[in-house]
Amino acid sequence: MPVIRVALPVPLRQHFDYLLPDNIQVSQGCRVRVPFGKRELVGVVWQLAPDSPYEQTQLKAVSAVLESSPVLSERLRQLLSFAAEYYHHPLGEVLTAALPALLREGRALTDYQLTSYRLTASGEACSAADFKRSTKQLALWQSLQQGVIAETVLLAEHPRSVLKQLLDKGLVASQVLARQPYQYQGLAQAALQLTVDQALAVTAVQQAQGSFRPFLLEGVTGSGKTEVYLQCIAPLLARGEQVLLLLPEIGLTPQTLQRFAERFKVPVLAWHSNLSDGERLNCWLNAASGSAAIIIGTRSALFLPFHKLSLIIIDEEHDLSLKQQDGFRYHARDLAIKRAALENCPILLGSATPSLESLYNAQQGRFGHLLLQNRASGQALPAFELIDLKQQQMHYGLADSSIQQIRQQLGRGKQVMLFLNRRGFAPALSCQECGWLTECKRCSAFTTYHKHSKQLLCHHCGASRPIPKQCGNCGSSRLAPVGQGTEQLEEHLQQLFPATPVTRLDRDSTRRKGALGALLDEINQAGPRLILGTQMLAKGHHFPFVTLVVIVDVDGALYSADFRAPEQLGQLLTQVAGRAGRGHDKGKVLLQTQHPEHALLQDIIHNGYASFARSALLERQQTALPPCQHLALFRAEALQSELCQQWLQHIADILRSNPALQLMGPLLSPLERKAGKYRWQLHLYSRQRPALHQALHQLLPELGRWPLSRKVKWQLDVDALDLS
């Protein structure tokens, strides 16, 4: 019997050989169901007729072949193989991460074919009088008199039970429709007039068509990056080609979908985790068949199959959400560049605040660098003003000067946005007698007080508990909130400005389906309004009536131990500030701080993000930190702190003799304890990427053989961004 090699979704860095029953044909990239221990798993055929080290008597047979043609194309398999090798993650888990949940479960593709319905000869011979006892059957029959109708369209207007009744009577028949590549029908809306900088960017990308070329599109907030995307896409659609647009957040998807759907008469589909399993598989099938022209999705959309992919766009390419932070820890931006190389198509990375990695690649000549230096509307960038909190009277976390300027803008009928990157009512509750603070019992962190839900919630492990009535130390009942979150600021704003509506945008207020869209609709209505929120406000939103932005607490990230903190703060300040003055009125940004003299704040205010980023990149070069060096991070966690330290120390002892590596650690993580487990880290740095990966390739097979490895939970994070 022939032997095939299968990649299975198990955390083992190996493949598994199986016997293929006679008279069954498979190809690489197909799904098969195989026995594995006492259970059956769905895997992907990785190799045909391998040189197996096992006798056939030692091998089990494949239980079932789920399809004859591959669900993973050759190019996708190349991408996933590269990803598994680069991020040192088991290939089987990488492959299954690229498949929709229903395919991972082993569902047959034939179950999800497009079905349509038509009247049979008997149905066509009927008259309205035949349905006088059922108005619902009459309505369905009248609809089908117009011709063949797709199931999704039909069931949107008629109950499935009524359809079944006509099927049972033989008046209606079903038929399967093949998914066909889309047909371009032109523009639904005229393109905008481009500025000189926009036109140069569009020309550069269009000239690169048919070849791999990465571009960094660096444009100030409001410079019209989306219009550049739209005009780069238009000629591709006319040729029947496909485009992938990656966004960092689900929250940005609805407005972007609307903008693209309003411009082009083609199918524009979304891909994100809020879709049902059936919706995700439908999107997957439409991408593979060419029925979808444009896919707009979050990071995992990178692994969708495409019929004719000709351009990849990544908006907000600097955003940390593009990096998967658990399991298969890939960076969607970096893998998208690899996919563009395999597809031989250009890739466009857009941001007002590019990551230092992308700026470094542009400086080294690896990326084409396209600049949009002015707002498309011609409006000036917002002016900054530092509010020195040491010189001000404070009211509910707002300085007198801030309140006065907020009142002025509201009096003019404008909107004001307040940014506070801390949800909940307060970061903790404190005892007024002894100073005791509410802490998470499982983490080295305080529990956040959520007044509306009457809960103390840990934002690290998710643990919640009711609000205590007494101090856990002295028994006093005098407990009060410490610090401020968005819930508390919302309450205070309603007291300060009772006649002005307040819209709060954070993870709590947008938890319910459709809540974000409803809140954005509120904001887009003219008239005075206070908009309050967390990082959700910073990314890509266009608020035309906002003239003033108040950043309530700038100081939280000024003195972080993470070397990336200044870059992330600079990006956040610039992005939040960019929401001001996008309409006809000039914008202004107030920064409330105890440290107005801080060099980062002074650089951002007087020179802008572009100058700050280039000086920060020079600093990284001088200190030999990424992107000028390459970083891999080992994390270990266990119920006993010393086990993590010993395990990481063993790794450090092995690698310390390698002259190409510099080690830092083992050291405790900034958040020492999470969900009841102690956490340690070991940082590996190298100027030579191949040397770092070679050391990891040699080390990883050994780790599983160490007895201590069974007592700790560990992960390897290549190109780590989160050092917490």
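Up top is the structure these notes are about.
If you're wondering where the values come from, they're calculated on a predicted model, not measured in any experiment.

> Could you give an account of the overall build of the protein, naming the residues involved and the relevant values?
When helices and strands are tallied, the protein shows 20 helices and 32 strands. A globule of 724 residues ought to have a C-alpha radius of gyration of about 27 Å, and the protein, at 29 Å, matches this closely. Taking the principal axes of its C-alpha atoms as reference, the protein extends roughly 85 × 75 × 60 Å. Across the 724 residues of the protein, 53% fall into the buried class. Taking the intrachain contacts of the protein between residues at least 6 apart in sequence as the baseline, contacts between residues at least 24 apart amount to 75%. Total accessible area on the protein stands at roughly 32600 Å², and carbon and sulfur atoms take up 49% of it. Within the protein, the 60 negative side-chain charges are centred at a point lying 3 Å from the centre of the 74 positive side-chain charges.

> Explain the nonpolar core residue by residue, including any values.
Formed by 114 residues in total, the largest nonpolar core has its most connected members in F634, W647 and I651. For this core, the element with the highest residue contribution is helix α18 (residues 599-623), accounting for nine residues. Not counting the four nearest positions on each side in its chain, I651 is found in contact with F634, L682, L699, L703 and W706. Counting 32 residues, the second-largest nonpolar core is a separate cluster that includes V205, F215, I294 and I296.

> Talk me through the side chain of R679; I want residue IDs and the actual numbers.
Looking at the element boundaries, R679 is found in strand β31 (residues 677-686). Here L671 takes part through its backbone oxygen, which lies 2.8 Å from a polar atom of the side chain of R679. With near-sequence residues (within four places) excluded, R679 lies in contact with A636, E637, L668, S669, L671, E672, R673, K674 and S724.

> Let's hear about helix α1 (residues 74-86): which residues, and what values?
Compared with an ideal rise of 1.5 Å per residue, which puts 13 residues at 18 Å, α1 spans 18 Å between its outermost C-alpha atoms and is within 8% of the ideal. Residues of α1 that are buried include every one of L76, R77, L79, L80, A83, A84 and Y86, and no others. Its buried side turned inward, α1 meets β4 (39-48), α2 (91-97), α12 (332-343), α20 (689-703) and β32 (713-718). Looking one or two places after α1, you find H88, whose phi comes out positive at around 55°.

> Help me get a handle on the pattern of salt bridges, residues and values and all.
If charged atoms from side chains of opposite charge come close, those side chains can pair. Taken as a whole and assessed by the stated rule, the structure comprises 27 salt bridges. Linking E241 and R239 is a salt bridge whose minimum nitrogen-to-oxygen distance equals 3.5 Å. We note a salt bridge from R478 to E433, for which the minimum N-O separation is 3.2 Å. On the criterion of sequence distance, the pair formed by R478 in the loop between β23 (464-466) and β24 (479-482) and E433 in the loop between β20 (428-431) and β21 (448-450) is long-range, its members being 45 residues apart.

> Outline helix α17 (residues 565-577), supporting the account with residue identities and numerical values.
Helix length check: α17 (13 residues) gives 18 Å between terminal C-alpha atoms against 18 Å at 1.5 Å per residue, within 8%. For α17, a buried count of 11 out of 13 residues is recorded, marking the element as mostly surrounded by other parts of the structure.

> An account of the pairing of strand β30 (residues 662-674) is requested, with residue identities and associated values reported.
Looking at chain direction, β30 and β31 are connected through seven bridges and run antiparallel. What sits directly across from K674, in β31, is K677.

> Talk me through the sheet that holds strand β25 (residues 502-505); I want residue IDs and the actual numbers.
Backbone-to-backbone hydrogen bonds join strands into a sheet, with any given pair of strands oriented parallel or antiparallel. Taken in spatial order, the six strands of this open sheet run β16-β28-β27-β19-β26-β25, and their pairing is parallel. In this open sheet, the two strands that pair with only one neighbour each are β16 (383-388) and β25. Adjacent strand axes in the sheet meet at a mean angle of 20° when their direction is disregarded. Across the sheet, helix α14 (residues 400-411) is in contact with β16, β19 (415-419), β26 (529-533), β27 (546-551) and β28 (588-593); its angle to β27 comes to roughly 160°. Those strands touched by helix α16 (residues 515-523) are β19, β25 and β26, and its axis lies near 140° from that of β25.

> Explain the packing of α1 against α12 to me, and be specific about the residues and the numbers.
At a minimum axis separation of 10 Å, α1 and α12 run at an interaxial angle of 145°. Of the two possible hands of crossing, α1 and α12 adopt the one that is right-handed. Counting all contacts with α1, which are made through R75, L76, Q78, L79, F82 and A83, the residues of α12 involved are L335, K338, R339, L342 and E343. Taken together, the residues that form the contact of α1 with α12 break down as six nonpolar, one polar and four charged.

> Describe the sheet that holds β21, naming the residues involved and giving the relevant values.
Across the sheet, three strands lie side by side as β21-β22-β23; this open sheet has antiparallel pairing. In this open sheet, the two edge strands, each paired with only one partner strand, are β21 and β23. When the angles between neighbouring strand axes are averaged without regard to direction, this sheet yields 30°. Direction of pairing for strand β22 (residues 455-457) relative to β23: antiparallel, over a ladder of three bridges. Bridged to L457 within β23 is S464.

> So, the environment of D315: which residues are in play, and what are the values?
Mapped onto the elements of the fold, D315 is located in strand β13 (residues 309-315). Taking relative accessible area as the criterion, D315 reaches 11% and is therefore assigned buried. For the pair D315 and Y229, spaced 86 residues apart in the sequence, the C-alpha separation amounts to 9.3 Å. Here Y229 takes part through its side chain, which lies 2.8 Å from a polar atom of the side chain of D315.

> Please give an account of the packing of aromatic side chains that cites residues and values.
Under the counting rule described, the total for this entry stands at 13 aromatic pairs. Seen from their ring centres, Y609 and F612 are 5.8 Å apart, and the 55° between their planes marks the pair as tilted. Here Y609 and its partner F612 are both found in helix α18, three residues apart, which amounts to about one turn of the helix. Both residues of the pair, Y609 and F612, count as buried. When the ring of F634 is compared with that of W714, the centres are 6.2 Å apart and the planes differ by 45°; the resulting orientation is tilted.

> Run through the environment of G397, naming residues and quoting values.
For G397, the location among the structural elements is in the loop between β17 (394-395) and β18 (398-399). The spacing of G397 and D553 is 156 residues in sequence and 8.5 Å in space, taken between C-alpha atoms. Aside from chain neighbours lying at most four places away, what touches G397 is Q484, V552 and Q592.

> Could you give me a rundown of the packing of helix α5 (residues 135-144) against helix α7 (residues 160-168), with the residues and numbers involved?
In a pair of packed helices, the angle between the axes and the distance between the axes together describe the arrangement. Contact geometry for α5 and α7: axes closest at 10 Å, N-to-C directions at 75°. In this view, α5 runs roughly perpendicular relative to α7, as classed from their interaxial angle. Here K136, Q137, L140 and W141 of α5 lie close against α7, whose contacting residues are V162, L163, Q165 and L166. Class assignment for the residues of the contact of α5 with α7 results in five nonpolar, two polar and one charged.

What counts and how
- Residues numbered from 1 in each chain as written.
- Predicted model: local features only at pLDDT ≥ 70, side-chain atom pairs only at ≥ 80, totals over all residues.
- Heavy atoms only, no water.
- Helix = DSSP H or I, 4+ residues; strand = E, 2+ residues; numbered from the N terminus.
- Rg over C-alpha atoms; globule rule 2.2 N^0.38 Å.
- Buried < 20%, exposed > 50% of the residue type's maximum accessible area, 1.4 Å probe, protein only.
- Contact = heavy atoms within 4.5 Å.
- Areas by Shrake-Rupley, 256 points an atom, 1.4 Å probe, with all protein chains shown as cover.
- Lys, Arg positive; Asp, Glu negative; His and termini not counted.
- Charge placed at Lys NZ, Arg CZ, Asp CG, Glu CD.
- Core = buried A, V, L, I, M, F, W, Y, C linked by side-chain atoms within 4.5 Å.
- Polar contact = N/O pair within 3.5 Å; in protein donor to acceptor, adjacent residues only side chain to side chain.
- Expected span 1.5 Å × (residues − 1).
- Salt bridge = Lys/Arg side-chain N within 4 Å of Asp/Glu carboxyl O.
- Pairing = 2+ DSSP bridges.
- Axes fitted to C-alpha atoms, helices over the stretch in contact; angles between N-to-C directions.
- Left-handed = near helix turned anticlockwise from the far one by under 90°.
- Nonpolar A, V, L, I, M, F, W, Y, C, P; charged D, E, K, R; others polar.
- Phe/Tyr/Trp six-rings, centres within 6.5 Å; stacked < 30°, edge-to-face > 60°.
- Parallel < 35°, antiparallel > 145°, perpendicular 65-115°, else oblique.

Limitation: the analysis is restricted to geometry and does not speak to function.
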